[in-house]
Amino acid sequence: MKEDTIIASTGRNKKYTHGAVNTPVYHASTLTFDTVKQMKDAYINRHKGALSYGRRGNPTTYALSDAMCELEGADGCFLYPSGLAAITGAILSFANSGDHILMADGVYEPTRALCHKTLKRMNIAVTFYDPMIGADIAELIQDNTKIIFVESPCSVTMEVQDIPAITQAAHARNLLVMMDNTWGTPLHFKPFDFGVDFSIHAGTKYIVGHSDAMLGTVSTRAAHMEQLSDMSYQMGYCVSPDDAYLALRGIRTLKVRLRQHEQNALKVAKWLEGRPDVDHIRHPAFASCPGHEYWKRDFTGANGLFSFVMKTGNEAATTAMMEGMKHFKMGYSWGGYESLILTYYGIKNYRTATGWDAPGPLVRLHIGLEDVDDLIADLEQGFMRFNAKL
Ligand SMILES: *Cc1c(COP(=O)(O)O)cnc(C)c1O
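Here is what the cut-offs are and how they apply
- Residues numbered from 1 in each chain as written.
- Predicted model: local features only at pLDDT ≥ 70, side-chain atom pairs only at ≥ 80, totals over all residues.
- Heavy atoms only, no water.
- Domains from an automatic or database assignment.
- Contact = heavy atoms within 4.5 Å.
- Buried area = accessible area lost by both parts, 1.4 Å probe.
- Salt bridge = Lys/Arg side-chain N within 4 Å of Asp/Glu carboxyl O.
- Polar contact = N/O pair within 3.5 Å; in protein donor to acceptor, adjacent residues only side chain to side chain.
- Helix = DSSP H or I, 4+ residues; strand = E, 2+ residues; numbered from the N terminus.
- Nonpolar A, V, L, I, M, F, W, Y, C, P; charged D, E, K, R; others polar.
- Phe/Tyr/Trp six-rings, centres within 6.5 Å; stacked < 30°, edge-to-face > 60°.
- Lys NZ or Arg CZ within 6 Å of the ring centre and 35° of its normal.
- Pairing = 2+ DSSP bridges.
- Axes fitted to C-alpha atoms, helices over the stretch in contact; angles between N-to-C directions.
- pLDDT = per-residue confidence, 0-100.
- Near = heavy atom within 4 Å.
- Areas by Shrake-Rupley, 256 points an atom, 1.4 Å probe, with all protein chains shown as cover.

Caption draft 1: Quick look at the domain arrangement of the protein. The domains assigned to the protein are domain 1 (3-252) and domain 2 (254-388). A straight line from the C-alpha centre of domain 1 to that of domain 2 covers 27 Å. Counting residues at the interface gives 42 residues for domain 1 and 43 residues for domain 2. Counting each side, the surface lost to burial between domain 1 and domain 2 is near 3,600 Å², with a carbon and sulfur contribution of 60%. A salt bridge links lysine 255 to aspartate 4; the nearest nitrogen and oxygen atoms lie 3.8 Å apart. Put simply, domain 1 and domain 2 have 23 residue pairs in polar contact (both at pLDDT 80 or more) between them. Looking at which element gives the most residues to the side of domain 1 that touches domain 2, the answer is helix α8 (residues 185-188), with four residues. When the residues that make up the side of domain 1 that touches domain 2 are grouped by side-chain class, the tally is 19 nonpolar, 13 polar and ten charged.

Following this line, the structure appears as structure tokens:
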């Protein structure tokens, strides 16, 4: 089956749909059994999608898990109430007190906060590494290293990592590789083809796709399913069937939406590249983005999220730019149909492995599904306000 066909058919198991096109929203805390044998079988298969207890899942959430497994080529997928809960859930399922984790210096900032606070309190050491490290990651592996965490491209600064080089080094030492694959989506990067052990998504972003629900997923191979699922059960992680439904609905149009986001963003980025006030573009499809060659090698597409760096600037200028925008709103959580703009002031302060050396402010855009000419006109006005404050 080709990908478009999988997207249209996945997760539509008749035992869940009863013939409706979509799996209904099952509101259920209690799942009942007719026989003791049924009850025992449900317990035995509790990590494998058996209907056993509401917190473990119901037909709506299992339909979403099935779809994610099929799209990613995984054996099991577990759902979390947010992307960050998925990251936390994956790490805490496998890291023990005394362990060491290698973490990309460009990870999503709340993931970094987890390292500095909760993991530290649990006596789990974290070393941040240059996302462009590639095979040299081997030199940072210690005897107690347990997990290498990658995020590609990185949040905000957009470095694309050499995932196969990192997974090879990790597996040579029996380490687990966890990947925040939110930008790649289940369609544009296939982590299990590159040796990743856990693929994590903020489903909140493009999977839900309409800025109206929060959800996280972790997909993995059979060998790790039970431990991951057990941790979810102990932590009480579960998702609402309404949100699972929205994610399933989002999946049906994920590919067409991504195609349009990608096209629109490339047009905007090309326009930005030609501007005299822009230093460089941080979009994986541009040669100016660190790791561009790995994006070309490993990904099958891009989307609407990228950053660019100004040649010069100050806070008054970026404030004037952002506050006057007509179509771009200021907001963090991207992946919906709408355009967003943000600037990040503190990159230099939190990047410990690589620092951050840029001539001017970094601006991150999410390009939505609006008309590109309207968006470019909006940005053009924004640059006029920006330059007036320099
Ligand atoms: C938004 C985001 C998350 C967190 O997802 P939430 O659902 O908001 O908790 C994690 N990783 C990346 C890369 C993100 O962009």
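Let us keep going from here.
Caption draft 2: Inspection of the packing of aromatic side chains at higher detail. Overall, the coordinates contain nine aromatic pairs when judged by the stated rule. Aromatic pair tyrosine 206 and tryptophan 334: ring centres 5.6 Å apart, planes at 70 degrees, arrangement edge-to-face. Of this pair, tyrosine 206 sits in the loop between β6 (198-202) and β7 (216-220) while tryptophan 334 sits in the loop between β10 (329-330) and β11 (340-344), placing them 128 residues apart in sequence. Put simply, the rings of Trp183, Phe189, Phe194 and Phe299 touch in pairs and so form one group of aromatic residues. Lying across the ring of tyrosine 233, arginine 55 places its NZ or CZ 4.5 Å from the centre. Against the face of tyrosine 233 rests arginine 56, its NZ or CZ located 3.7 Å from the ring centre.

Caption draft 3: Up close: the sheet that holds strand β4 (residues 145-151). Judged by pairing direction, the sheet is mixed, and its seven strands sit side by side in the order β1-β7-β6-β5-β4-β2-β3 without closing on themselves. Only two strands of the sheet have a single neighbouring strand rather than two, namely β1 (76-80) and β3 (125-129). On average, each strand axis in the sheet is tilted by 20 degrees relative to the strand beside it, whichever way the strands run. Pairing of β4 with strand β5 (residues 176-180), which is carried by five bridges, proceeds in the parallel orientation. Bridge pairing in β5 places glutamate 151 opposite aspartate 180.

Caption draft 4: Focus on the confidence of the model for the protein. Across the protein, the average pLDDT comes to 97, with 100% of residues at 70 or higher. Highest mean pLDDT in the protein belongs to β6 (99); lowest belongs to helix α13 (residues 347-350) (91).

Caption draft 5: Region of interest: the site of the ligand. Lining the immediate environment of the ligand, one finds 14 residues, of which Gly83, Leu84, Asp180, Thr204 and Lys205 sit closest. Within the side chain of threonine 204, one N or O atom sits 2.5 Å away from an oxygen atom of the ligand. A total of 380 Å² of accessible area belongs to the ligand in isolation, and the protein chains cover 92% of it. With three residues, helix α5 (residues 83-94) is the largest single contributor of residues to the shell around the ligand. Per-class residue counts for the shell around the ligand are six nonpolar, five polar and three charged.

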